[in-house]
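Structural features, examined
If you want the building blocks of each chain, they are given just below.
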Amino acid sequence: MKQSILMVTLLTASFLLAPNAFAATSEVTWTDYKSYRDIDEGNDGRKQFRERTFKDLEKHFAKLAATLPAGQILKIDVTDVDLAGDTHHGGINRTRIVKEVYSPRMNFSYQVLDADGAVIQSDDVVVKDMSFMSGSHLKYRNKSLGYEKKMLDDWFEKTFKEMIISK
């Protein structure tokens, strides 16, 4: 009796401790990143900023993918990035200026694969948010890449609305 209670407790704890163990995952590829329109911070080292930006966006894609059905894989192949704002040269100091005319944009292709590796859905997309500064609520107001994350949220919700699992 004690063993069966212990077994049930351990099984329950393992499911509670690893709720995302069976969630969908994502894989992101950055194709020909040296030709991207705008992946420059300004004063920060270009390579460091690019790596930090890619890592941040990969985490965001993983967060979005986790809302898809278990066992699915969201594969993203990014072919261009244009961050919100623009980097202007001002002597040795370069600063990113964010204005409405410098809207965020990403070009990528995606595939959603089922657990057996079969393609469920795929497309080549250009995602942009021309009104990125006019929203009354920015979910990522104090986060890096907030405009880009909001743009990706909107695309994901619109594209996968029938597949998203509420958490």
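The structure displayed is predicted, hence computed values, not measured ones.

Turning our attention to the environment of Ser26. Tracing the chain through its elements places Ser26 in strand β1 (residues 25-30). Linking Ser26 and Lys63, residues 37 residues apart in sequence, is a C-alpha distance of 8.6 Å. With near-sequence residues (within four places) excluded, Ser26 lies in contact with Glu58, Phe61, Ala62, Ala65 and Leu74.

This part covers the pattern of salt bridges. Applying the stated criterion to the full structure yields five salt bridges. Close ionic contact of Arg37 with Asp80 constitutes a salt bridge, the shortest N to O distance being 2.5 Å. Taken together, the positions of Arg37 in the loop between β1 and α2 (46-65) and Asp80 in strand β2 (residues 73-82) put the pair 43 residues apart, joining distant regions of the chain. Asp80 sits in the buried class, given a relative accessible area of 9%. Its salt-bridge partner being Lys150, residue Asp154 comes within 2.7 Å of it at the nearest N-O pair. Taken as a pair, Asp154 and Lys150 lie in helix α3 (residues 146-159) at a separation of four residues, close to a single helical turn. Exposure remark for Asp154: the relative accessible area of 38% places this residue in the partly exposed category.

Basis of the calculations
- Residues numbered from 1 in each chain as written.
- Predicted model: local features only at pLDDT ≥ 70, side-chain atom pairs only at ≥ 80, totals over all residues.
- Heavy atoms only, no water.
- Helix = DSSP H or I, 4+ residues; strand = E, 2+ residues; numbered from the N terminus.
- Contact = heavy atoms within 4.5 Å.
- Salt bridge = Lys/Arg side-chain N within 4 Å of Asp/Glu carboxyl O.
- Buried < 20%, exposed > 50% of the residue type's maximum accessible area, 1.4 Å probe, protein only.

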